[in-house]
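Geometric and topological summary
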Amino acid sequence: MDSAVTEPGAEHTIAGPAARPAVWTRLARNWSVRIGGAVLALLLLASGAAPLLGTIDPALIDPVNRDLLPGATGEVMLLTGESFPHTFWLGTDSYGRDIYSRVLYGGRVSLVVGVTVALLSLLFGILIGLAAGTIRWLDGVLMRVMDGLMAIPGILLAIALVALWRASIWTVIVAITIPEIPRVVRLVRSLVLSIREEPYVEAARSLGTPTAIMMVRHILPNTVAPLIVQGTYICASAILVEAILSFLGVGLPTDVPTWGNIMAEGRLQFQQYPHNVLFPGIFLALTVLAVNMLGDGLRDTLDPRFSKHGERP
Amino acid sequence: MLRFLAARLLATIPVLLVVAVFVFLLLRLTPGDPAAVIAGDNATGEQIEQIRESLGLNEPLITQFGIWIGNVLRGDLGESFFFRMSVTELIGQRLEPTLALALCTIVLAVAIAVPLGVLAAWRHGGWLDRALMGFSTLGFSIPVFVLGYLLIWLVSLELGWLPVQGYRRLSEGAGPFIRHLILPSLTLSVIYIALIARVTRASVSEALTEDYVRTARAKGLPEWRVLTRHALANAAVPIVTVIGIGLALLIGGVVVTESVYAIPGLGRLTVDAVLARDFPTIQGVILLFSVFYVLINLAIDLAYLALDPRIRY
């Protein structure tokens, strides 16, 4: 909650408790936040700065350097005819593409998809959830639609949607977002319904505050902490689903380096060259683990509902 | 009691209806001509016209939905233009492997997760508790296909203990049937174990603080009887609930696991259908999985009555 709350038409300012510094200190002391945050920062940095980290073009096909084992060295020949020595830290695939470069660039796709899906599902979830929680006649209809949407297994729905639209980064993002929305809607609605009964909301209502202002000023700020936590979990799940879509061959086109795509190509030769599947797999698991740990830490420090038991909803 | 039963059954109807509308619209709202989409890329104009006629695509949307839902209710899910047979028949052929995998996974997960959760709650804060919580965060993060390949690599390739991939029908003998199911079930059960163990731990540790547990201990019951008869029995409702909610995870996992282990079940069928853009099959499988999910959760609601005599509707 913000440190100060001002009523329209009233001169007084109510100073909130000095909660902000305490939250930051608590967050910085939490080991899940520290470890998850550090791993995530490293991954962000590595994929963001991929061109500076000794990578070569992740899509460069080079028949001479096919199926190299991790740590092998060789000559890279560019399309321009230039050539230079290169160490393939994580080996190459059956097209001679550098797995190390592909994995670093693949991290970009995963992180972009994860964050975008989390933001979009929060945005739509908040809008629909607020509507359901405040407009009575809409509530029943909206929640039945959400129940129905939730009954369709998320991955299946995402697969079907991608199949309809043909995959691009946006269709993949939208297809992963749609099954996530109902969960956010339920959370927002239940928060709104409980916050609506709080004395300060009642007080605001009795002062004649319009519904819209009440929503933005009194209800929304109190949903922030649980929503940040939920958003983190959605991010982790979106990264997983994107990788699954790519892995199954229904996600982004195979020439885009994503962790799922690298693994899908590697699986054909898994018995001889397990590293093509295992390295992107390890990166994927590590990323999702880091995001989940961050979520657990945020939940324990931010969300008062979970401070006692520390359980996932 | 009967009134509750009737009310609960009636409540599933809107959910199923919403699911049906979604699945129906999935195809009708595609950009382009649904008949052309169904017929596939190599269809002649005559074939497309025939499909348009048989689906009533020249009728208004609401009439189309009426025709479609009527067919579905009679068990007619349409014709797969890729597999050249009726979708109902196709699903029937692929049902056994998926059911075997799902059942095996649930049994394995419950058999492992519930005792672990009880033990963790019993020694709250001890090493087993902390190890289990760490494992469960890991379990949520490691992608099913990464774990699948790790297990294949370790157990089948390095150690040679179990077959690498494939499926044997039960009619081909129980030995090979089980040997082919062990790794896939183990792979799929990890995320489920993580989920169930967490909830068991939370629910049992709450029950352990109750007065009746102290009474049971005071009257000299052996500790295992306190844990099972008193703590676990009273903690059963959330555990059973999460087994039902987790089915959505399981269904998503089935799709991936069947692809990794080359099991010819419904999950593999979904992926094949998506790759072939075979929409009647995609719709049929999604509809089946969703109805299954809704019905299982209905069954679980009814199971509360047996689990907790305090619940009286």
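Computed from a predicted model, the values in this text were never measured in an experiment.

Calculation rules
Residues numbered from 1 in each chain as written. Chains lettered and ligands numbered in written order. Predicted model: local features only at pLDDT ≥ 70, side-chain atom pairs only at ≥ 80, totals over all residues. Heavy atoms only, no water. Helix = DSSP H or I, 4+ residues; strand = E, 2+ residues; numbered from the N terminus. Buried < 20%, exposed > 50% of the residue type's maximum accessible area, 1.4 Å probe, protein only. Contact = heavy atoms within 4.5 Å. pLDDT = per-residue confidence, 0-100. Phe/Tyr/Trp six-rings, centres within 6.5 Å; stacked < 30°, edge-to-face > 60°. Lys NZ or Arg CZ within 6 Å of the ring centre and 35° of its normal. Salt bridge = Lys/Arg side-chain N within 4 Å of Asp/Glu carboxyl O. Polar contact = N/O pair within 3.5 Å; in protein donor to acceptor, adjacent residues only side chain to side chain. Nonpolar A, V, L, I, M, F, W, Y, C, P; charged D, E, K, R; others polar. Arc of directions from axis to C-beta. Expected span 1.5 Å × (residues − 1). Axes fitted to C-alpha atoms, helices over the stretch in contact; angles between N-to-C directions. Parallel < 35°, antiparallel > 145°, perpendicular 65-115°, else oblique. Left-handed = near helix turned anticlockwise from the far one by under 90°.

1. Some points on the overall build of chain A
Helix and strand counts for chain A come out as 10 helices and four strands. Scanning chain A from its N terminus toward the C terminus, one meets helices and strands in the order β-β-α-α-β-β-α-α-α-α-α-α-α-α. Across the 313 residues that make up chain A, the buried fraction comes to 53%. Restricting to contacts in chain A with at least 6 residues of sequence separation, those with at least 24 account for 65%.

2. Things to note about the confidence of the model for chain A
All names here are of chain A. A residue-level look at chain A finds 86% of positions with pLDDT of 70 or above and a mean pLDDT of 80. Ranking the elements of chain A by mean pLDDT puts strand 1 (residues 4–6) last, at 45, and helix 6 (residues 169–195) first, at 91. In this model, residues 1–13 is a region of pLDDT below 50 whose contacts with residues beyond four sequence positions or in other chains number 17 contacts. Contacts for the low-pLDDT stretch residues 307–313, under 50 throughout, to residues beyond four places or in other chains number 16 contacts.

3. A short note on the packing of aromatic side chains
Per the counting criterion, the structure on display carries seven aromatic pairs over all chains. Considering the side-chain rings of Phe24(B) and Trp68(B), the 5.6 Å spacing of their centres and the 45° angle between planes classify their relative orientation as tilted. Here the residue Phe24(B) occupies a position in helix 1 (residues 2–28), and Trp68(B) occupies one in helix 4 (residues 61–73), the gap between them amounting to 44 residues. Seen in terms of ring centroids, Tyr167(B) and Phe177(B) are 6.2 Å apart; in terms of plane orientation they differ by 75°. Their pairing is edge-to-face. In this pair, Tyr167(B) sits in the loop between helix 7 (144–158) and helix 8 (174–208) while Phe177(B) sits in helix 8, placing the two residues 10 residues apart along the sequence. Summarising the burial analysis for this pair, Tyr167(B) and Phe177(B) share the class buried. Ring pairs connect the aromatic residues Phe247(A), Phe145(B) and Tyr149(B), which therefore count as one cluster. Positioned over the ring face of Trp31(A) is Arg34(A), at 4.6 Å from the centre of the ring.

4. What about the pattern of salt bridges?
Within this structure, the stated rule accounts for 13 salt bridges over all chains. Residue Glu265(A) pairs with Arg102(A) through a salt bridge whose shortest N-O separation is 3.6 Å. In this pair, Glu265(A) sits in helix 9 (residues 259–266) while Arg102(A) sits in helix 3 (residues 99–134), placing the two residues 163 residues apart along the sequence. Just as Glu265(A) is buried, Arg102(A) falls in that class too. Linking Asp296(A) and Arg198(B) is a salt bridge whose minimum nitrogen-to-oxygen distance equals 3.7 Å. Highlighted residues: Asp296(A) in helix 10 (residues 275–302) and Arg198(B) in helix 8, drawn from two different chains. The pair formed by Asp296(A) and Arg198(B) is uniform in burial state, with each residue classed as buried. The network of salt bridges with common partners includes Asp296(A), Arg299(A), Asp300(A) and Arg198(B).

5. Examining the interface of chain B and chain A
Each partner contributes residues to the interface: chain B has 47 residues there, and chain A has 44 residues. For the pair chain B and chain A, the interface holds one salt bridge. Our count for the chain B to chain A interface comes out at four residue pairs in polar contact (both at pLDDT 80 or more). Counting residues per element, the ones that place at least two in the side of chain B that touches chain A are helix 1, helix 6 (127–141), helix 7, helix 8, helix 12 (247–260), helix 13 (266–275) and helix 14 (279–307) of chain B. Within the side of chain B that touches chain A, the residues separate by chemical class into 34 nonpolar, seven polar and six charged.

6. Brief notes about helix 3 (residues 45–54) of chain B
Residue and element names in this part refer to chain B. Burial in helix 3 covers these residues: Ile-48, Ile-51 and Arg-52. Taken around the axis of helix 3, the buried residues stretch over an arc of 100°, which confines them to a single face. The outward face of helix 3, more than 90 degrees from its buried face, is lined by the exposed residues Glu-46, Gln-50, Glu-53 and Ser-54. Positive backbone phi, at 65°, marks Gly-56, one or two positions downstream of helix 3.

7. Details of helix 2 (residues 31–48) of chain A
An ideal rise of 1.5 Å per residue puts 26 Å on 18 residues; helix 2 of chain A measures up with 25 Å between its terminal C-alpha atoms. For helix 2 of chain A, every residue scored as buried is listed here: Val33(A), Gly36(A), Leu40(A), Leu43(A), Ala46(A) and Ser47(A).

8. Some remarks on the packing of helix 12 of chain B against helix 14 of chain B
Residues and elements named next belong to chain B. For the pair helix 12 and helix 14, interaxial distance at closest approach is 10 Å and the crossing angle is 155°. Classed by the angle they form, the pair helix 12 and helix 14 counts as roughly antiparallel. Seen along the crossing, helix 12 lies across helix 14 with a hand that is right-handed. Within the contact between the two elements, helix 12 uses Leu-247, Ala-248 and Ile-251 and helix 14 uses Phe-289, Phe-292, Tyr-293 and Ile-296. For the contact of helix 12 with helix 14, the per-class residue count stands at seven nonpolar, no polar and no charged.

9. Side note on unusual backbone geometry
A positive phi angle, near 50°, is found at Ala262(B), a position not held by glycine. Within the element layout of this structure, Ala262(B) appears in the loop between helix 12 and helix 13.

10. Quick look at the environment of Leu116(B)
All names here are of chain B. One can find Leu-116 in helix 5 (residues 87–122). In this structure Leu-116 comes out as partly exposed when scored by relative accessible area, which is 26%. Sequence separation between Leu-116 and Asp-129 is 13 residues, and the spatial gap between their C-alpha atoms is 8.7 Å. Excluding anything up to four places from it in sequence, Leu-116 contacts Leu-128 and Leu-132.

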